[in-house]
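Chain by chain, the residues:
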Amino acid sequence: NPKPSIRFQEEERGRSPATIPAVPRTTPSRSNALTATSLSTLTWCRHDDLKEMLDSNKDSLKLEAMKRIVAMIARGKNASDLFPAVVKNVACKNIEVKKLVYVYLVRYAEEQQDLALLSISTFQRGLKDPNQLIRASALRVLSSIRVPIIVPIMMLAIKEAASDMSPYVRKTAAHAIPKLYSLDSDQKDQLIEVIEKLLADKTTLVAGSVVMAFEEVCPERIDLIHKNYRKLCNLLIDVEEWGQVVIINMLTRYARTQFLSPNQNAEAASLAKRKPYVMDPDHRLLLRNTKPLLQSRNAAVVMAVAQLYFHLAPKAEVGVIAKALVRLLRSHSEVQYVVLQNVATMSIKRRGMFEPYLKSFYIRSTDPTQIKILKLEVLTNLANETNISTILREFQTYIRSMDKDFVAATIQAIGRCATNIGKVRDTCLNGLVQLLSNRDELVVAESVVVIKKLLQMQPAQHSEIIKHMAKLTDNIQVPMARASILWLIGEYCEHVPKIAPDVLRKMAKSFTNEEDIVKLQVINLAAKLYLTNSKQSKLLTQYVLNLAKYDQNYDIRDRARFIRQLIVPTEKSGALNKYAKKLFLAQKPAPILESSFKDRDHFQLGSLSHLLNAKAVGYQELPDWPDEAPDPSVRNVEVRGTPRREKRKEKVEKPFYSDSEGESGPTESADSGESHHGGASSRGHHGGVWGRAGMWWEIGSSSSSGTSSSSSEEEDEEEEEEGSGEQSEEKEGEEEEEKRKKRKEKGGLRKCPLCSSRGLPRPLSPMGWAWWPMLSCGPWQLLSPAFGAVRTYELLHRMAGEGLSVEYCFSRRPFPGDPHMVAVQIQISNNTDAEVKSLRVSEPKLLAGMRIQEFPEIESLAPGDTASVVMGIDFCDSTQAANFQLCTHTRHFYVSIQPPVGELMAPVFMSENEFRKEQGKLTGMSEITEKLTLPEKCRSDHAIVQQVTSAANVGRVPCGADNEYRFAAKTVTSGSLVLITLEWREGAAAQLTVNSEKMVIGTMLVKDIIQALAQ
Amino acid sequence: MIHSLFLINASGDIFLEKHWKSVVSRSVCDYFFEAQERASEAENVPPVISTPHHYLLSVYRHKIFFVAVIQTEVPPLFVIEFLHRVVDTFQDYFGICSEVMIKDNVVVVYEVLEEMLDNGFPLATESNILKELIKPPTILRTVVNTITGSTNVGDQLPTGQLSVVPWRRTGVKYTNNEAYFDVIEEIDAIIDKSGSTITAEIQGVIDACVKLTGMPDLTLSFMNPRLLDDVSFHPCVRFKRWESERILSFIPPDGNFRLLSYHVSAQNLVAIPVYVKHNINFRDSSSLGRFEITVGPKQTMGKTIEGVMVTSQMPKGVLNMSLTPSQGTHIFDPVTKLLTWDVGKINPQKLPSLKGSMNLQAGTSKPDENPTINLQFKIQQLAISGLKVNRLDMYGEKYKPFKGIKYMTKAGKFQVRT
């Protein structure tokens, strides 16, 4: 048989013997060795054709090969020997091939570390790509390759990505953190730094992922959460569902360490002479912001909120979670299983909570057994004096079920009800006794065991039952039941003096054939009878003990020896003999039947450990409430009005980020987000349950009730919390003040003469802009805006706005008051027949770092009239739309302004030499070159300049060469240079070069200019 | 979080494995097989199994076990909910989720799984985004792909992941703009022997199929929103608006989705549209039993009851049944002891009935339980709770969409104890 040798070879090469193709029949004359080699070449051959396909030039062949390889991996077959052939294709142009190569690489890189290194440079290149999705995917694959040598590269990439401009890339960075940590836990300290930075991120996209990283790397560093606590609470509702689960679980733990228990015992408190309990406003914030998530469609989110309320909320408020949990019971059976486990634990502590939903736990014959048993557990926990009769009637139907495991559990449940509720003990007992005549032996046996426990509570009245049970010994075979009966008779032999010896006689007869537990009880019975009724049972006892002496089981032999010494008086027997009766027939406490879910709530509910009732790996203990509240001020976030300039200085001091090639912008955008949002944004969310709706989603609602109600709600809440700590009041006061200041600033703006101009502005003459603040950095003078044809965009269509139509254009004038804002001219016309009142901007929903300076409120706009106003938007040098609501006195319209990339800059003046110098600094990655053909009408100097300046707000730079055009500008927010060179070669051919450290802007600009020139 | 995923079919073969961290040997599934053996039926396999080094969390759907391997503490519902989401995604991609389908599309399946988790943490679970990343296979596309060698992977970058409405694809275009809503209510009930209701509840869902161009913004209002007691929403629904005005306002995902599910408040009495008269008798002495059931309408609001199906699990002692239905067809499986009677429509003039006798195993005593009867039925154009949609409006786009609303009432877990 050639098989073993082949297998051996195979295993040397790969791992799984399953890769061997069906063994072809070989002639027996061939030697084993020969067969083996020919076979292994066979497998090699098969892989050879895949290799050939991978080496070919055709993408379709490569794709086919990769598909076959991935199918092999999916089936668990080994394809590791193809590694060199596959890894070559990592830079393939075809996206699907590339993706499949990634899949392969991530699977096998660990096994082929040296070869895997070949692919690293591709990803490093990808990390610098102007497209955020490519940067993200490069980081994702790079960090998934589990090769220890590249740890430093991964660390660097994560650090860089953590300050990327795109929140998506930052999210990917957060995902990469636990990957790196599992590869090399020595990096912990550095990773914590990154986590700290990302925790400060203001975007919902990042929040869930970074908290997940926090939980895996440094769950003990609860201090990192303080400053971000309120932000996390406020963002929570907009985070994606999986992130919500992780954040809620983490915040539960956090709250347990930082707040006082809301359910303090009043007496205990008065004893300790404590101040009356007042809930921390932050504690309240968490409860309030998680509550709407009970309505999530995701069962895990609902469960997370439920456990949060169970562990953190005051008793009176926990009830809200019951309805949501009961809703989950209509989901898949696996979900039911987990939810019921948790309900079972909760229902012991807080029975009242689930009582109204009693019927939802009724059992259907189609439920799987494990669900039935859990429901039974809950029903038993919920039973009380008032509902017990209904529950028992339900139980009666269950007892007749065909599912015997379930019937057994029901009998146990009846037993528990009987012990807990004295009123029904007799009824239950009678019911159980009736079951003793059931045809199913399992049912009878279970009943016997339960009855035994019940009888122990009041044996005197039930000698009839004991007699009845004694008769059962003839028929019943289940050892546990037999043992129970024997114990009962022995224990209460005085109640059945005539029957007991007879039972012993029968048992002695069958002793040798009994199970061990039964034998032990027979000995037990014999001993007790000997002590109470030695006349009748002396010989029998002797007989049983003799049999036991030679039993195979040493426990039984030991027991027999021990009992004989104890009860049978001999001259040698000691003092114990006198007390034998007391020893054997002492009063025994009745067993307490209690739920297996009792006290399981010391595990955090909803956790795996709770479900298993054992600590799982990596479980974070839920801490007890502190006795004294820790300092609540640690969560205060100062309202930061620090000027941007300082920020930038800081960055210069940290050369690591700013040196990073090309993308220095990102750090900034992340940072600036902090500085501008500050306290204001966290306030903004405050009242809005389900933030989305509150912020900018209210569209075309017939009344403004949405927002107004939210604010009134907020006030209510605040009133509720009044007196709940002066400190917070003060803080809010401060914030109010801050707001007022801002409003004043706005008020100042209202007097701006721009606002009153009517109709869309024609490009203004470049005069009178002396007050245009100079962009601070750099020696170049800012030019007056260049003008082409001004394009207008529609903000609100007449139909959608119900008669109100709004258009906007970029006036290319500097926005007065803030040089970092782009001025947007808005023209509003009222086409209705009624007056439109109090037109204003409200509730902007902006990405991190973006700011908006609203135009002053327009008091009223007569029918047919048109007004024109200017607002400023700081787009943070990105083309993301600014979303806000346009409100009238009756309606809200959701609108958004998305700037073309060319409007994000302002022209600068520089000489040809300066231009060259700057261009020299911005080469390599910062330079984007594209070839184009100029159409007929665009071949004059004038037309070219006209088109370029219309596409982007740039200024022309003088140029010595004839066929070259140069333009320069700076981005409005960060002031990075954008240099454009257009070289017109012979005929229609031309070449466009854009140099800018903002690669994203560069790439988009090239596209826009080419499009403008092609028109 | 989630380490690996194994797909196991009914006969215990692992036919797909996927690892998101280092590889976990498939031998870990032996623990699962042990548990499977211990459980008599597939649905009794415990969803959480603890092994020395791993924890196995599984869901059972479409006769496939989806077994996730985890190593550290994680909320079990997190994993279970995710696995169900995986199954839903497969169903969405391939129409049905079966072993054959998964094997045929193994590469797409693998690519989808790759996108859904990153390092075991969910990344993209919204089917609209996934479809942008990896196009679902269609017959046409398969043919075209084999000829041109083009691919299933979307060549545009999935911008949806970055958008503020992550559930909606960008650049949606249709020539016919349509929005259909199905209001489907299910009655869960337990009826006792005498025909009185032990418990009855109405569960409803609104499933939508929206094919609208651009970024439409819809509002849906009800005539009687107070009926809805406990609701859970698709993430697209603006909760605030519901709280204040009881109006559903949302930018819908593209294609099929569940807009909301609700529960009708318990105060309202539930109308039970059918009754079952039964007479099932096992006699102690003889080996013959009598079996007779009749199904009839009750409180149907004048609508016909269709698609009636009666199933009943008979006791083990029943060897065979000889029955005659007045309408429809019936089957008794002597192995599983399951009686199925496909009734069809109920004609109130001539009530359908099924009569006959049962052969019991000789010598054994009569079973102590009468079988429960499970009922399925459908009533078109009726929401049994009385819920009515008032109007549907669209903002944000200029075309006139075609709108449709359909009501249906079905039996959920409808059980009659006998």
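Residues numbered from 1 in each chain as written. Chains lettered and ligands numbered in written order. Predicted model: local features only at pLDDT ≥ 70, side-chain atom pairs only at ≥ 80, totals over all residues. Heavy atoms only, no water.

### Description of the overall build of chain B
Along its length, chain B carries 7 helices and 23 strands. For chain B, with 418 residues in total, the buried portion stands at 57%. Put simply, 68% of the contacts in chain B that link residues at least 6 apart link residues at least 24 apart. Counting only carbon and sulfur atoms, one obtains 51% of the accessible surface of chain B, whose full area is about 17,100 Å². (Helix = DSSP H or I, 4+ residues; strand = E, 2+ residues; numbered from the N terminus. Buried < 20%, exposed > 50% of the residue type's maximum accessible area, 1.4 Å probe, protein only. Contact = heavy atoms within 4.5 Å. Areas by Shrake-Rupley, 256 points an atom, 1.4 Å probe, with all protein chains shown as cover.)

### Describing the overall build of chain A
The number of helices and strands found in chain A is 43 helices and 16 strands. Each of the 1015 residues in chain A was classed as buried or not, and the buried ones make up 56%. Long-range contacts, defined as pairs at least 24 residues apart, comprise 68% of the intrachain contacts of chain A with a sequence gap of at least 6. Of the roughly 44,100 Å² of accessible surface on chain A, a fraction of 51% belongs to carbon and sulfur atoms.

### Overview of the interface of chain A and chain B
Each partner contributes residues to the interface: chain A has 109 residues there, and chain B has 107 residues. Carbon and sulfur atoms make up 57% of the area that chain A and chain B hide from each other, which totals about 9,300 Å². For chain A, the biggest contributors to the area lost against chain B are W242, R297 and R364 of chain A; these three give 9% of the whole. The partner of K99 of chain A in a salt bridge is E115 of chain B, and the shortest N-O contact between them spans 3.4 Å. For the pair chain A and chain B, the number of links is 36 residue pairs in polar contact (both at pLDDT 80 or more). When grouped by side-chain class, the residues that make up the side of chain A that touches chain B number 42 nonpolar, 38 polar and 29 charged. (Buried area = accessible area lost by both parts, 1.4 Å probe. Salt bridge = Lys/Arg side-chain N within 4 Å of Asp/Glu carboxyl O. Polar contact = N/O pair within 3.5 Å; in protein donor to acceptor, adjacent residues only side chain to side chain. Nonpolar A, V, L, I, M, F, W, Y, C, P; charged D, E, K, R; others polar.)

### Quick look at the side chain of N44 of chain B
Residue position: N44 of chain B is located in the loop between α1 (29-38) and β3 (48-50). What makes N44 of chain B buried here is its relative accessible area of 13%.

### A few points about the sheet that holds strand β22 (residues 389-395) of chain B
Residues and elements named next belong to chain B. Sheet architecture is open: 3 strands sit in the order β12-β10-β22, paired in antiparallel fashion. The outermost strands of the open sheet, each flanked by one partner alone, are β12 (247-250) and β22. Between one strand axis and the next, the sheet turns through 15° on average, direction left out of account. Across 6 bridges, the pairing between strand β10 (residues 217-222) and β22 is antiparallel. Bridge pairing in β22 places L218 opposite M394. (Pairing = 2+ DSSP bridges. Axes fitted to C-alpha atoms, helices over the stretch in contact; angles between N-to-C directions.)

### Examining the sheet that holds strand β8 (residues 866-874) of chain A
Residues and elements named next belong to chain A. If you trace the 5 strands from one edge of the open sheet to the other, you get β2-β3-β4-β8-β6, paired in antiparallel fashion. What marks the edges here is a single partner per strand, and that holds for β2 (792-796) and β6 (851-853). For this sheet the average axis-to-axis angle between neighbouring strands, irrespective of direction, equals 30°. Taken together, the 8 bridges between strand β3 (residues 804-814) and strand β4 (residues 822-830) define a ladder with antiparallel strand orientation. Bridge assignment links F810 to a residue of β4, and that residue is V824.

### Concerning the pairing of strand β16 (residues 989-996) of chain A
Residue and element names in this part refer to chain A. The buried fraction of β16 is high, at 7 of 8 residues. Across 7 bridges, the pairing between strand β12 (residues 927-933) and β16 is antiparallel. Note on β16: the bridge partner recorded for K931 is Q991. As judged from the 7 bridges shared by strand β15 (residues 977-984) and β16, these two strands associate in the antiparallel manner. Residue pairing for β16: L979 is matched across the bridge by N995. What sits between the antiparallel neighbours β15 and β16 is a turn of 4 residues, in which G987 has the positive phi angle 65°.

### What to know about the side chain of K159 of chain A
Checked against the element boundaries, K159 of chain A lands in helix α9 (residues 151-162). Here Q190 of chain A takes part through its side chain, which lies 2.6 Å from a polar atom of the side chain of K159 of chain A.

### Some words on the packing of helix α23 (residues 388-399) of chain A against helix α24 (residues 404-420) of chain A
All names here are of chain A. Running from N to C, α23 and α24 cross one another at 155°; their axes reach a closest spacing of 9 Å. As summarised for this structure, α23 and α24 are arranged roughly antiparallel, according to the angle between their axes. By crossing handedness, the relation of α23 to α24 is classed as left-handed. Across from I388, F395, Y398 and I399 in α23, the residues of α24 making contact are F406, V407, T410, A413, I414 and C417. Across the contact of α23 with α24, the residue classes break down as 9 nonpolar, 1 polar and no charged. (Parallel < 35°, antiparallel > 145°, perpendicular 65-115°, else oblique. Left-handed = near helix turned anticlockwise from the far one by under 90°.)

### Some points on unusual backbone geometry
Residues and elements named next belong to chain A. Phi at S838 is positive, roughly 35°, even though this residue is not glycine. Inspection of the secondary structure assignment puts S838 in strand β5 (residues 836-845). Of the residues examined, S838 reaches a relative accessible area of 16% and is grouped as buried. One non-glycine residue, D877, lies in the positive phi region at around 55°. When you line up the elements, D877 lands in the loop between β8 and β9 (882-887).

### Re the packing of helix α2 (residues 76-94) of chain B against helix α4 (residues 106-116) of chain B
Residues and elements named next belong to chain B. Interhelical geometry of α2 versus α4 gives an angle of 140° and a closest axis separation of 11 Å. With respect to α4, the axis of α2 lies oblique. For the pair α2 and α4, the crossing hand works out as right-handed. On α4, the residues that touch F82, R85, V86, T89, F90, Y93 and F94 of α2 are V108, V109, V112, L113 and M116. Considered class by class, the residues forming the contact of α2 with α4 number 10 nonpolar, 1 polar and 1 charged.

### Thoughts on the pattern of salt bridges
Between side chains of opposite charge, pairing is possible as soon as their charged atoms come close. Residue and element names in this part refer to chain B. Tallied over the entire structure, the rule returns 53 salt bridges over all chains. Note that E99 and K103 form a salt bridge whose closest N and O atoms lie 2.9 Å from each other. You can see E99 and its partner K103 sitting in helix α3 (residues 99-104), 4 residues apart, about one turn around the helix. For E99, a relative accessible area of 22% translates into the label partly exposed. Residue K103 is classed as partly exposed on the basis of its relative accessible area of 46%.

### Some details on the packing of aromatic side chains
Geometry of an aromatic ring pair is reported as the spacing of the ring centres plus the angle between the planes. Per the stated rule, a full pass over the model turns up 27 aromatic pairs over all chains. A connected cluster of aromatic rings, assembled from ring pairs, spans W242 of chain A together with F78, F82 and F121 of chain B. Directly above the ring of Y108 of chain A sits R107 of chain A, whose terminal nitrogen or CZ lies 4.5 Å from the centroid. The cationic tip of K388 of chain B hangs over the ring face of Y407 of chain B; the distance from NZ or CZ to the ring centre is 5.8 Å. (Phe/Tyr/Trp six-rings, centres within 6.5 Å; stacked < 30°, edge-to-face > 60°. Lys NZ or Arg CZ within 6 Å of the ring centre and 35° of its normal.)

### Quick look at the confidence of the model for chain B
Residue and element names in this part refer to chain B. Taken over all residues, the pLDDT of chain B has a mean of 86, while the share at 70 or more is 90%. Put simply, helix α6 (residues 139-148) is where chain B has its lowest mean pLDDT, 60, and strand β5 (residues 64-70) is where it has its highest, 94. Model confidence for the complex is summarised by a pTM of 0.69, with the ipTM given as 0.91. (pLDDT = per-residue confidence, 0-100.)

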